Amino acid sequence: MASTGTPTSSSPWGSLQIPRPIQQLFNRFPLVTYNANNLPARTQALTSSNLPTLHVFSTDEDALEGLPSFNPTCLKWQTLLRLTKTPHRILPSTNHASPTGALPFLLPPQSTSSSTKPIPASLLSAYATKHGAIPLPSSSSATKEETYLSLLTPIRNAFLYALYLDPKYSSLLDRLYIHPSSSSTLVRKTLRYQLRSAAAASILQSRSLHPDSGREQIDGEAVFAEAQEALEALAGVLNEREGWFFGNERPGEFDAAVFGYAHLILSFMDEEKGLGRVLREVGEGAIVGHWKRVKIEAGWDI
Amino acid sequence: MALRLYVWGPAFNLPSIDAESIAAIAYLSQTTSQADYKLIQSSPSAVPTHQLPSLYDPSTSTWSSGYLQILRYLSLHPPPSFHDPSASSPSTTANLHFLLSHCPPLIALSLYVSSTNWSSSTRPAYSRILPLPLPWTEPSSVRAAMTRRAEHLGMSSLDTDAEEEKRQAEEKASNAAGWISVPPALRRTPRDAMVPEFARRIKLEQLARDVLDVVKDMELRENSGLRCLAFGFLSLMMVDEVPRKWLAETVRGVEEYKGLVGFAEGFRREVFEGQEVDLSRDEAAESALGLTVRFLEAVVCEVPWVGGEWRRRAAVRRKRKMLEGRGVKVREEGEEDGLVLAGAGVAALAVGVGIFFYRRLPPFGASVQVWNAPSLTFGSLGAAGAMLGGVFGVVDGAY
């Protein structure tokens, strides 16, 4: 039995007398007590929808119209929800809002009696299967899909390298991720530094290097060449059979994942060189064709 | 001039302790004649890319690190005798990437994360292939890197050393907080008595099966680059000179993987049997000076606060040297340097202010107030004193 009696020795501060002037000073506080602030007007709209809310990286205007997110992972799940015609709406958010620490996550409507626990990205596929109008294609080649899924790692690395570490796209990085967060120069500078080191660490780790070695340790050419090979392989698969990946009759999770990168690379990276050019050229534009088909299927006619 | 392939040294009866190194050795031995390349036993700190295997081509002064890059370099700049008839297809690329991203975590769990296997097999193996004093620095950094690769599988309990430390810290904290604890003898559950590898056996086997189920369906015959890489990983998975052989038992014990075991054994007979892999040593990097520099650099990188910055700067230096070797002009850049300098400036200022305050404090234990008896001068002796002072010519402040 644990005894939790009164403390035997009284605190040394107990016997200490507070000097008069200090006591008088503290007695004057609080000078004024303000009324509690009202909640911002938009919280009403944010919390009282009867649609499930997908929190993604986006801007306020884009989210209202349900336009594509500017983050590849968010875009993948957003596309999947649209492809399966799962009812949802989009809300711009940040990683800090997410229970898992990463976007996207889905918040079921608060009005229903069912569980209102947030759904992390890893369970979104099951959610879409349960609530979507169109089922996901039943994959006949699960091992094949799993194998090809590892081709997205080099593409992801090259995308991270281009967006975060290539000075050419630093204005884009600022516009998408840094300027919406803060207007203070110092905060922005710190944030940029943190984002860049996190991106470099992520690439380094996938190559078994020490995550603190910094950008210069990464061989940019090699990262880029690997992404090019991966894109060529993906284009090759698409050219084997016209339509969706692995001969499915409907686009599925893999198509959404490829679209997530393809859409961002096509909309933000120019066609002269780098990732933008490779993506447009591989397999006689096979990936661009796939991108167009997914866009129509997902109902984005931008 | 001959190509130079820098690889990890041999262990576990294999040509190298690292899967990608084994694969690179096998690939070169199958596609290129012995005269065109030289194998050099090395460690990451001896090559400028800090990554093994590394291929150096003296004719173009180019370093290529990692198995995929080596394959790419060889196909773009083939040595005279190079001959690889196998064709590449989308599935080959996908399979290569699958192996490279899913097999290292398994090997990490088996040979590196597990404390028992690490301390009784892997670490001694590294100590045998590294010259002193490098076994003090390099194996632990390899282990840290491999552990990071297996992090997402959530199997840290295999690292019993770290677990034990955590448990002791928790116990200490709860004792300090005054909780009455159950005597250790009563606390041991059957689960505690089990070795973590046994307690986690089902989960571990499932992790291995998830990967091996994909590998067994691969068309390993069609591409020699893929074949060599698969052999590199499988041969390390089948290492059974370790105390906890869950991975080897999974590969060998399951009926469906008979084909993989057969492939790995056949490949080994075909490529490595009967001929010693001829590894030479890197003379320059293993001189007394080279070893000292490599050792000190590794030590500095582990110093808290300073280490990370040092590591980054060393990477910049190495890259510059590498590019200058190829005749590329390197431009300077300093945006992040500004931030680092500002940080260092603020830190230096804080330290300076701290020292200033510290110096102004009285010595520890000195009395705060001091009364000195007034000194006896002629001035305090009244008129007679003044007269005497005048006589002795003393300038007295009392006047």
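Just so it is clear, the model here is predicted, and its values are computed rather than measured.

Our focus in this paragraph is the packing of aromatic side chains. Tallied over the entire structure, the rule returns 23 aromatic pairs over all chains. Here Trp-8 of chain B and Tyr-126 of chain B contribute two aromatic rings whose centre-to-centre distance is 5.1 Å and whose plane-to-plane angle is 80 degrees, an arrangement assigned as edge-to-face. With a gap of 118 residues between them, Trp-8 of chain B in the loop between strand 1 (3–7) and helix 1 (19–31) and Tyr-126 of chain B in helix 4 (residues 115–129) connect regions that are remote in the sequence. Judged by its relative accessible area of 5%, Trp-8 of chain B falls in the buried class. Put simply, the rings of Phe-57, Phe-70, Tyr-164 and Tyr-177 of chain A pair up and form one aromatic cluster. Across from the ring centre of Trp-244 of chain A, 5.9 Å away, lies the NZ or CZ of Arg-293 of chain A, which sits over that ring.

This part takes up the pairing of strand 1 (residues 53–56) of chain A. All names here are of chain A. Of the two faces of strand 1, the one lined by Thr-53 and His-55 and the one lined by Leu-54 and Val-56 are each fully buried. Here strand 1 runs beside strand 3 (residues 105–107); their pairing, made up of three bridges, is antiparallel. Paired with His-55 across the bridge in strand 3 is Phe-105.

All names here are of chain B. Reading across from one edge, 4-3-1-2-5 is the order of the five strands in this open sheet, with mixed pairing throughout. The open sheet has two edge strands, strand 4 (62–65) and strand 5 (279–281), and neither has a second partner. Averaged over all pairs of adjacent strands, the angle between their axes in this sheet comes to 30 degrees, without regard to strand direction. As paired elements, strand 1 and strand 2 (residues 37–41) share five bridges and run parallel to each other. Each bridged residue has a counterpart across the sheet, and for Leu-3 the counterpart in strand 2 is Tyr-37.

With that settled, consider the environment of Pro-80 of chain B. All names here are of chain B. With respect to the secondary-structure elements, Pro-80 resides in the loop between helix 2 (67–76) and helix 3 (90–113). Look at Pro-80 and you get exposed, because its relative accessible area is 78%. Counting along the chain gives 45 residues from Pro-80 to Ala-35, while the straight-line C-alpha distance between them is 10.0 Å.

On to the interface of chain A and chain B. How big an interface is tends to be expressed through the accessible area that disappears when the partners come together. Contact residues are listed per partner, giving 38 residues for chain A and 38 residues for chain B. Buried area between chain A and chain B, summed over both chains or domains, comes out near 3400 Å², and the portion from carbon and sulfur atoms is 52%. At the junction of chain A and chain B, the tally comes to two salt bridges. The partner of Glu-229 of chain A in a salt bridge is Arg-72 of chain B, with the nearest N and O atoms 2.8 Å apart. Summed over the shared surface of chain A and chain B, the number is nine residue pairs in polar contact (both at pLDDT 80 or more). Broken down by element, the residue count for the side of chain A that touches chain B peaks at nine residues, all from helix 10 (residues 220–240) of chain A.

In this structure's numbering, the residues bearing the UniProt feature "transmembrane region" (unreviewed entry) are residues 339–358 and 370–395 of chain B. Helix makes up 100% of residues 339–358 of chain B and strand 0%, and the two end C-alpha atoms of the span are 28 Å apart.

Attention now goes to a nonpolar patch on the surface. Together, Ile-18, Ile-22, Leu-25, Phe-26, Phe-29, Leu-31, Val-32 and Tyr-34 of chain A make up an exposed nonpolar region whose accessible area comes to about 950 Å². Position of Leu-25 of chain A relative to the elements: it lies in helix 1 (residues 20–27).

Attention now moves to the sheet that holds strand 2 (residues 89–92) of chain A. Strand order in the open sheet made by the four strands is 2-1-3-4 (chain A), with mixed pairing throughout. The sheet terminates laterally at strand 2 and strand 4 (119–120) of chain A, the two strands that pair on one side only.

This next bit is on the confidence of the model for chain A. All names here are of chain A. With 90% of its residues at a pLDDT of 70 or more, chain A shows a mean pLDDT of 83. The least confident element of chain A is helix 2 (residues 41–47), whose mean pLDDT is 67; the most confident is helix 7 (residues 152–165), at 92. In the model, residues 1–9 has pLDDT below 50 throughout and makes two contacts with residues more than four positions away in sequence or in other chains.

This paragraph deals with the side chain of Gln-217 of chain A. For Gln-217 of chain A, the location among the structural elements is in the loop between helix 9 (185–206) and helix 10. On the basis of relative accessibility, which here comes to 11%, the residue Gln-217 of chain A falls in the buried class. A polar side-chain atom of Gln-217 of chain A sits 2.9 Å from the main-chain carbonyl oxygen of Thr-49 of chain B. Among residues more than four places away in sequence, those in contact with Gln-217 of chain A are Leu-204 and Leu-209 of chain A together with Pro-48, Thr-49, His-50, Ala-315 and Arg-318 of chain B.

Residues and elements named next belong to chain B. Burial along strand 3 (residues 54–57) is two-sided: the face carrying Ser-54 and Tyr-56 and the face carrying Leu-55 and Asp-57 are both buried. In the sheet, strand 1 pairs with strand 3 via three bridges, with the strands oriented antiparallel. The residue of strand 3 that forms the bridge with Tyr-6 is Ser-54. In this structure, strand 3 lies alongside strand 4, joined through four bridges in antiparallel fashion. By the bridge assignment, Asp-57 is partnered in strand 4 with Thr-62. What sits between the antiparallel neighbours strand 3 and strand 4 is a turn of four residues, in which Ser-61 has the positive phi angle 50 degrees.

Residues and elements named next belong to chain B. Inspection of the secondary structure assignment puts Pro-78 in the loop between helix 2 and helix 3. The class of Pro-78 is partly exposed, set by a relative accessible area of 44%. As a C-alpha pair, Pro-78 and Thr-32 span 46 residues in sequence and 9.0 Å in three-dimensional space.

Evaluation of the coordinates by the stated rule reveals 15 salt bridges over all chains. Put simply, Asp-174 of chain A and Arg-192 of chain A hold a salt bridge, and the shortest N to O gap is 3.0 Å. With Asp-174 of chain A in helix 8 (residues 170–178) and Arg-192 of chain A in helix 9, this residue pair connects regions lying 18 residues apart in the sequence. Just as Asp-174 of chain A is buried, Arg-192 of chain A falls in that class too. Counted as one network, the salt bridges with shared partners bring together Arg-201, Glu-205 and Glu-249 of chain B.

Quick notes on the rules
Residues numbered from 1 in each chain as written. Chains lettered and ligands numbered in written order. Predicted model: local features only at pLDDT ≥ 70, side-chain atom pairs only at ≥ 80, totals over all residues. Heavy atoms only, no water. Phe/Tyr/Trp six-rings, centres within 6.5 Å; stacked < 30°, edge-to-face > 60°. Helix = DSSP H or I, 4+ residues; strand = E, 2+ residues; numbered from the N terminus. Buried < 20%, exposed > 50% of the residue type's maximum accessible area, 1.4 Å probe, protein only. Lys NZ or Arg CZ within 6 Å of the ring centre and 35° of its normal. Pairing = 2+ DSSP bridges. Axes fitted to C-alpha atoms, helices over the stretch in contact; angles between N-to-C directions. Contact = heavy atoms within 4.5 Å. Buried area = accessible area lost by both parts, 1.4 Å probe. Salt bridge = Lys/Arg side-chain N within 4 Å of Asp/Glu carboxyl O. Polar contact = N/O pair within 3.5 Å; in protein donor to acceptor, adjacent residues only side chain to side chain. UniProt positions renumbered as here; feature names shortened; annotations may be inferred. Patch = residues over 30% accessible without salt bridge, like charges linked within 9 Å, V, L, I, M, F, W, Y side chains within 5 Å. Areas by Shrake-Rupley, 256 points an atom, 1.4 Å probe, with all protein chains shown as cover. pLDDT = per-residue confidence, 0-100.

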